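# Fold and contact review
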Amino acid sequence: MIKIAVAGGVTGGHLYPALAVLSELQKITTIDVLYFTVKGKLEEKVLKKYTYKTVSLDVKGLVRPIYSFANISRILKIINAQKTVKKTLKDFKPDIVFVTGGYISYPVGIIAKKLRIPLFIHEQNVIPGLTNLRLSKVADKVFVSFKSSKKYFKRKVIVSGNPIFINENKKIRLDKKTILVVGGSGGSEFLNKLTCDLSKKMKDFHFILSSGGKELYCSEENIEIKKYIENMADYYKAVNCAITRAGATTISELLYFQVPSIVIPWEGATESHQLENAKEIEKNNLGFVIREKNLDLEDVINKLIVLSNKTRNFKKLENPAKIIAKEIVKEVLK
Ligand SMILES: CC(=O)N[C@H]1[C@@H](OP(=O)(O)OP(=O)(O)OC[C@H]2O[C@@H](n3ccc(=O)[nH]c3=O)[C@H](O)[C@@H]2O)O[C@H](CO)[C@@H](O)[C@@H]1O
């Protein structure tokens, strides 16, 4: 049996790769999991369906610029959280700690190393987040999703790919050509509005929109609005093409399921990291990157018609989750 402590969440982009690795690990051996969550965030809702132990931390990410007044109380919360993490790890005594980034990963990773517990980290984005960059200096192994990330790390990294979370296997039947629209785990007002505009002009198409629960007044018959989709893999397999933001995990899923796509990066992302993720779609000839400022409805329609006429050829690729799970087993048994 492997005892593993995990952190990575706040957004789905960090959470699902961690869940994917745990699910692969479970296929190899029995596991005892302790998951550090952020109070009130997505992972607390999702993990209710699992039997993993959880410890909720009351932390918030630091705002930029880093020397802002608002960061004083946030830093105090991190210091407090570190005490909880230390006590929890000492009691739980994991064989290994695995984190997938986001601000909760920092206290967990740092304390793990202080307690001399092996630490593995995974980075989803092409441009690494601050937490993972800092943790990479002390981690035992660093996994990245894309080759293009290597240059950001001053150490050896393993290009594993981004673990793909597959939680159901329901066949979704669609009668019309269907376009899936996903604005990341929190949804996107920009993509919601775009879907509404497109659905009015593309009456022969059916739209499935994950709205993130954001308000949208659109009563077209050919648009199916879902607050959140639990079984994304089933939808990726069933639709003709997709429009998405460029969160790293979404991009990896589009590549894994070979979904022809239009990717519109969120312009507010730090260091334009979504734009860098998006480029992977064009590099792999899977679709188009469109910047918000260049968006033209007719152009999007023409591109969607081209993409939706492509034959979907889903060849089963090795799930990167397997690579990381095997490395975890190797580390624990060595
Ligand atoms: C606003 C923000 O901070 N965005 C970041 C966050 O995004 P975000 O959480 O939006 O990240 P991604 O787009 O990478 O991943 C979203 C994940 O949620 C899942 N999903 C989404 C919608 C839904 O209805 N159901 C569902 O299960 C997707 O399948 C995917 O697994 O983390 C990513 C990975 O570090 C970063 O690249 C993003 O820039």
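About the criteria used
Residues numbered from 1 in each chain as written. Predicted model: local features only at pLDDT ≥ 70, side-chain atom pairs only at ≥ 80, totals over all residues. Heavy atoms only, no water. UniProt positions renumbered as here; feature names shortened; annotations may be inferred. Helix = DSSP H or I, 4+ residues; strand = E, 2+ residues; numbered from the N terminus. Rg over C-alpha atoms; globule rule 2.2 N^0.38 Å. Buried < 20%, exposed > 50% of the residue type's maximum accessible area, 1.4 Å probe, protein only. Areas by Shrake-Rupley, 256 points an atom, 1.4 Å probe, with all protein chains shown as cover. Lys, Arg positive; Asp, Glu negative; His and termini not counted. Charge placed at Lys NZ, Arg CZ, Asp CG, Glu CD. Near = heavy atom within 4 Å. Polar contact = N/O pair within 3.5 Å; in protein donor to acceptor, adjacent residues only side chain to side chain. Nonpolar A, V, L, I, M, F, W, Y, C, P; charged D, E, K, R; others polar. Domains from an automatic or database assignment. Contact = heavy atoms within 4.5 Å. Buried area = accessible area lost by both parts, 1.4 Å probe. Pairing = 2+ DSSP bridges. Axes fitted to C-alpha atoms, helices over the stretch in contact; angles between N-to-C directions.

The record in UniProt for the protein states the following under Sequence similarities (unreviewed entry): "Belongs to the glycosyltransferase 28 family. MurG subfamily."

Further remarks concern the overall build of the protein. The helix and strand tally for the protein stands at 11 helices and 13 strands. For the protein, the C-alpha radius of gyration of 20 Å lies close to 20 Å, the compact-globule estimate for 334 residues. Along the first, second and third principal axes, the C-alpha set of the protein runs to 60 × 45 × 40 Å. In the protein, which comprises 334 residues, the share counted as buried stands at 53%. As presented, the protein carries roughly 16,100 Å² of accessible surface, and 52% of it is formed by carbon and sulfur atoms. Charged side chains of the protein number 56 positive and 33 negative; the gap between the two group centres comes to 7 Å.

Taken together, 24 residues form the shell around the ligand, and within it Asn125, Ser185, Thr249, Thr250 and His273 come nearest. Isoleucine 229 places a polar main-chain atom, nitrogen or oxygen, 2.7 Å from a nitrogen atom of the ligand. At 3.5 Å from an oxygen atom of the ligand is found a main-chain nitrogen or oxygen belonging to glycine 247. Here the ligand, which alone exposes 770 Å², has 88% of that area covered by the protein. Elements supplying a minimum of two residues to the shell around the ligand: α1 (12-28), α7 (232-238), α8 (248-256) and α9 (273-283). Each residue belonging to the shell around the ligand can be placed in one class, and the counts come to eight nonpolar, 15 polar and one charged. Each of two domains, domain 1 (2-165 + 319-333) and domain 2 (177-308), supplies a minimum of three residues to the shell around the ligand.

Another point: the UniProt feature "binding site: UDP-N-acetyl-alpha-D-glucosamine" (unreviewed entry) in the protein. Summarizing the sequence annotation, UniProt attributes the feature "binding site: UDP-N-acetyl-alpha-D-glucosamine" (unreviewed entry) to Thr11, Gly12, Gly13, Asn125, Ser185, Ile229 and Gln274 in the numbering used throughout. By the element assignment, glycine 12 lies in helix α1. Glycine 12 sits in the buried class, given a relative accessible area of 3%. Apart from residues lying up to four places away in sequence, glycine 12 is in contact with Pro17, Leu42 and Ser185. You can see glycine 13 is positioned in helix α1. Its relative accessible area of 24% is what places glycine 13 among the partly exposed residues. Other than its neighbours up to four places away in sequence, glycine 13 contacts Gln124, Ser185 and Thr249.

Taken domain by domain, the protein comprises domain 1 (2-165 + 319-333) and domain 2 (177-308). The C-alpha centroid of domain 2 is placed 28 Å from the C-alpha centroid of domain 1. Listed as interface residues are 18 residues of domain 1 and, on the opposing side, 19 residues of domain 2. In total, domain 1 and domain 2 occlude about 1,500 Å² of area from one another, counting both sides; carbon and sulfur atoms represent 58% of this. Contact with domain 2 buries surface across domain 1, with Ile127, Phe146 and Ile164 losing the most and accounting together for 35% of the total.

What follows is about the sheet that holds strand β10 (residues 223-226). Spatial strand order, β10-β9-β8-β11-β12-β13: six strands in an open sheet with parallel pairing. Every interior strand has two partners, whereas the edge strands, β10 and β13 (287-289), have only one. This sheet shows a mean twist of 15° between the axes of neighbouring strands, independent of strand direction. Note: strand β8 (residues 177-182) against strand β9 (residues 205-210), six bridges, orientation parallel. In the strand pairing of β9, valine 182 is matched with serine 210. Against the sheet, helix α6 (residues 189-201) contacts β8, β9, β10 and β11 (241-244), and its axis sits at roughly 165° relative to β9. On the sheet, helix α10 (residues 297-308) packs against β8, β9, β11, β12 (261-263) and β13 and is oriented at approximately 145° with respect to β12.

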